[in-house]
Amino acid sequence: MSQAISKKSHTPAFKEQDLQTQELREKGVLFCVGIVIPLLILIVWEVTTRQGWIDELFLPSLSGIVTEFLAIARKGYAGTPLITHVLGSLRRVFIAFSIGTVVGLSLGLLMGYYKYVRAAFYVVTELLRPIPPLAFITLFILWFGIGEVSKVLIILYAGALIVMLNTIAGVRSCPQNKILAARTLGANDLAIFLYVIFPAALPSIFTGMRVALSVDFGILVASELLAGDIGVGYIIQDASVFFNVEALFVGILMIGFFGVLSDFILGFISRRLVHWQG
């Protein structure tokens, strides 16, 4: 009898260990797939260009891009160190992203929670939402000049609307039974807002922030194409004028790298703050 009880008590532990092993194995397979496929793409890219199957005038080899990157890192581009170009672009993106997140988050929370605020801003936001940021480039240059303000505002406009719309969706998706339960327990509007609605909206808010950050990096290039002499977007524009395809790809890949890195950091923060989402 005691042996049977001992076997039964050990069974759940064995099952739990098997589940953990299976989960680790699955994560390892997914990691390998995530690494192998990009590596295969890079190998095919290098082989096809090196063998001359694709003209390097249109698609340079990876080794040629790396050589050009090392040359730019060593000598700079257009008389300016590469780090200056990179920091200039990152500064514009993160200033615009920070301000846009504050503006979008504030408006989104107010519009999602207060129906009168939503009614007041509904028409304006619906009019602005379908207008692409690039449509405002000429106006922003006319109003604010060709300096940093116009570049930052173009990027800010692109991201703020995304954060705002996702925040509104997050606030309005909060279950009404939680709000009613909080009111029944005597919570006032501020307590409900801080401890019920805001936590419920956080997943949507972080989703909007990640999408906005990606869009901001895309708009960055367009904002730096006009009257700029510093930035990764300027490298792309200048390289395209002189048909320096290797430098063009260096700029494109740098934008992609910093975009992925920023999204990874934001995703890490999201998983720590919104831990209940898994």
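Structure: above.
None of the values given here were measured: they were computed from a predicted structure.

Undergrad: I keep staring at the overall build of the protein and nothing clicks. Help me out?
TA: Within the protein, the regular secondary structure consists of 10 helices and 0 strands. Secondary structure elements in the protein, listed N-terminal to C-terminal, are α-α-α-α-α-α-α-α-α-α. A compact globule built from 278 residues should have a C-alpha radius of gyration of about 19 Å, whereas the protein, at 25 Å, is more than 25% larger. For the protein, the C-alpha atoms occupy an extent of roughly 80 × 60 × 30 Å along the three principal directions. Considering only intrachain contacts with a sequence separation of at least 6, the fraction spanning at least 24 residues in the protein is 70%. When the accessible surface of the protein is split by element, carbon and sulfur atoms take 70% of a total near 16900 Å². Across the protein, the 20 positively charged side chains and the 17 negatively charged ones have centroids separated by 13 Å.

Undergrad: Just checking my understanding: could you explain the layout of surface pockets for this structure?
TA: The calculated volume of the largest pocket comes to roughly 270 Å³. Contributing to the lining of the largest pocket are Leu-42, Trp-45, Leu-62, Ile-65, Val-66, Phe-69, Val-250, Leu-253, Met-254, Phe-257 and Phe-258. Of all the elements in the fold, those that place two or more residues in the lining of the largest pocket are α1 (2-50), α2 (62-75) and α10 (245-273). When its residues are assigned to classes, the lining of the largest pocket shows 11 nonpolar, no polar and no charged. In this structure, the second largest pocket encloses a volume near 210 Å³. When residues of the lining of the second largest pocket are assigned to their parent elements, the largest contribution, 5 residues, is made by helix α6 (residues 148-172).

Undergrad: Where do I start with the pattern of salt bridges in this structure?
TA: Pairs may arise between side chains of opposite charge once their charged atoms sit close together. Overall, the coordinates contain 6 salt bridges when judged by the stated rule. Note that Asp-189 is salt-bridged to Arg-183, the shortest N-O span being 3.1 Å. Put simply, Arg-210 and Asp-263 hold a salt bridge, and the shortest N to O gap is 2.9 Å. With Arg-210 in helix α8 (residues 189-225) and Asp-263 in helix α10, this residue pair connects regions lying 53 residues apart in the sequence. Classification of Arg-210 as partly exposed rests on a relative accessible area of 29%. Within the structure, one salt-bridge network assembled from shared partners comprises Arg-91, Arg-92 and Glu-148.

Undergrad: What is the right way to look at the packing of aromatic side chains in this model?
TA: For any two aromatic rings, the description comes down to two numbers: the centre-to-centre distance and the angle of the planes. All chains considered together, the criterion is met by 11 aromatic pairs. Taking the centre distance of 6.5 Å and the plane angle of 80° together, the rings of Tyr-77 and Tyr-234 count as edge-to-face. You can see Tyr-77 sitting in the loop between α2 and α3 (82-113) and its partner Tyr-234 sitting in helix α9 (residues 232-241), a full 157 residues away along the chain. Tyr-234 shares its class with Tyr-77; the two are buried.

Undergrad: Is there a simple way to explain the nonpolar core in this structure?
TA: Taken as a class, soluble globular proteins show a tendency for nonpolar side chains to be buried jointly. Core analysis: the largest hydrophobic core is formed by 62 residues, its most contacted members being Phe-217 and Met-254. Those elements that place two or more of their residues in this core are α2, α3, α5 (137-144), α6, α7 (176-184), α8, α9 and α10. If you tally residues by element for this core, the top one is α8, at 15 residues. For Met-254, the residues in contact, after removing those within four places along its chain, are Phe-69, Leu-82, Val-86, Val-232 and Ile-235.

Undergrad: I'm lost on the environment of Arg-129 in this one. Help?
TA: Within the fold, Arg-129 resides in the loop between α4 (115-128) and α5. Classification of Arg-129 by relative accessible area gives partly exposed; the value is 44%. For the pair Arg-129 and Leu-261, spaced 132 residues apart in the sequence, the C-alpha separation amounts to 27 Å. Not counting the four nearest positions on each side in its chain, Arg-129 is found in contact with Leu-161 and Leu-165. Within the structure, Arg-129 has its side chain in polar contact with the side chain of Glu-126 (distance 2.8 Å).

Undergrad: Got a minute to help me understand the environment of Phe-249 in this structure?
TA: One can find Phe-249 in helix α10. Residue Phe-249 is classed as buried on the basis of its relative accessible area, which comes to 16%. Between the C-alpha atom of Phe-249 and that of Ala-239, which follows or precedes it by 10 residues, the distance is 9.0 Å. Beyond its immediate chain neighbours, meaning those up to four positions away, Phe-249 contacts Trp-45, Phe-58, Leu-59, Pro-60 and Ile-65.

Undergrad: Help me understand unusual backbone geometry in this model?
TA: Peptide bonds are trans in most cases, and residues, glycine excluded, mostly fall at negative phi. The phi dihedral of Ala-78 falls on the positive side, at around 55°, and the residue is not glycine. Along the chain, Ala-78 turns up in the loop between α2 and α3. Ala-78 gets classed as exposed once you look at its relative accessible area, which sits at 52%. Look at Phe-243: it is not a glycine, yet its phi comes out positive at around 55°. Along the chain, Phe-243 falls in the loop between α9 and α10.

Undergrad: I would appreciate a short explanation of the side chain of Arg-92 in the present structure.
TA: By secondary structure assignment, the location of Arg-92 is in helix α3. Of note is the side chain of Arg-92, whose polar atom sits 2.8 Å from the side chain of Glu-148. Setting aside anything within four residues of it in sequence, one finds Arg-92 in contact with Glu-148, Lys-151, Val-152, Ile-155, Leu-220, Glu-224, Ile-230 and Gly-231.

Reading guide: rules and limits
- Residues numbered from 1 in each chain as written.
- Predicted model: local features only at pLDDT ≥ 70, side-chain atom pairs only at ≥ 80, totals over all residues.
- Heavy atoms only, no water.
- Helix = DSSP H or I, 4+ residues; strand = E, 2+ residues; numbered from the N terminus.
- Rg over C-alpha atoms; globule rule 2.2 N^0.38 Å.
- Contact = heavy atoms within 4.5 Å.
- Areas by Shrake-Rupley, 256 points an atom, 1.4 Å probe, with all protein chains shown as cover.
- Lys, Arg positive; Asp, Glu negative; His and termini not counted.
- Charge placed at Lys NZ, Arg CZ, Asp CG, Glu CD.
- 1 Å grid on protein atoms, 1.4 Å probe; cavity = no way out; pocket = protein on both sides within 12 Å on 5 of 7 lines; lining within 4 Å.
- Points joined across faces, edges and corners; volume = space filled by probe spheres on them.
- Nonpolar A, V, L, I, M, F, W, Y, C, P; charged D, E, K, R; others polar.
- Salt bridge = Lys/Arg side-chain N within 4 Å of Asp/Glu carboxyl O.
- Buried < 20%, exposed > 50% of the residue type's maximum accessible area, 1.4 Å probe, protein only.
- Phe/Tyr/Trp six-rings, centres within 6.5 Å; stacked < 30°, edge-to-face > 60°.
- Core = buried A, V, L, I, M, F, W, Y, C linked by side-chain atoms within 4.5 Å.
- Polar contact = N/O pair within 3.5 Å; in protein donor to acceptor, adjacent residues only side chain to side chain.

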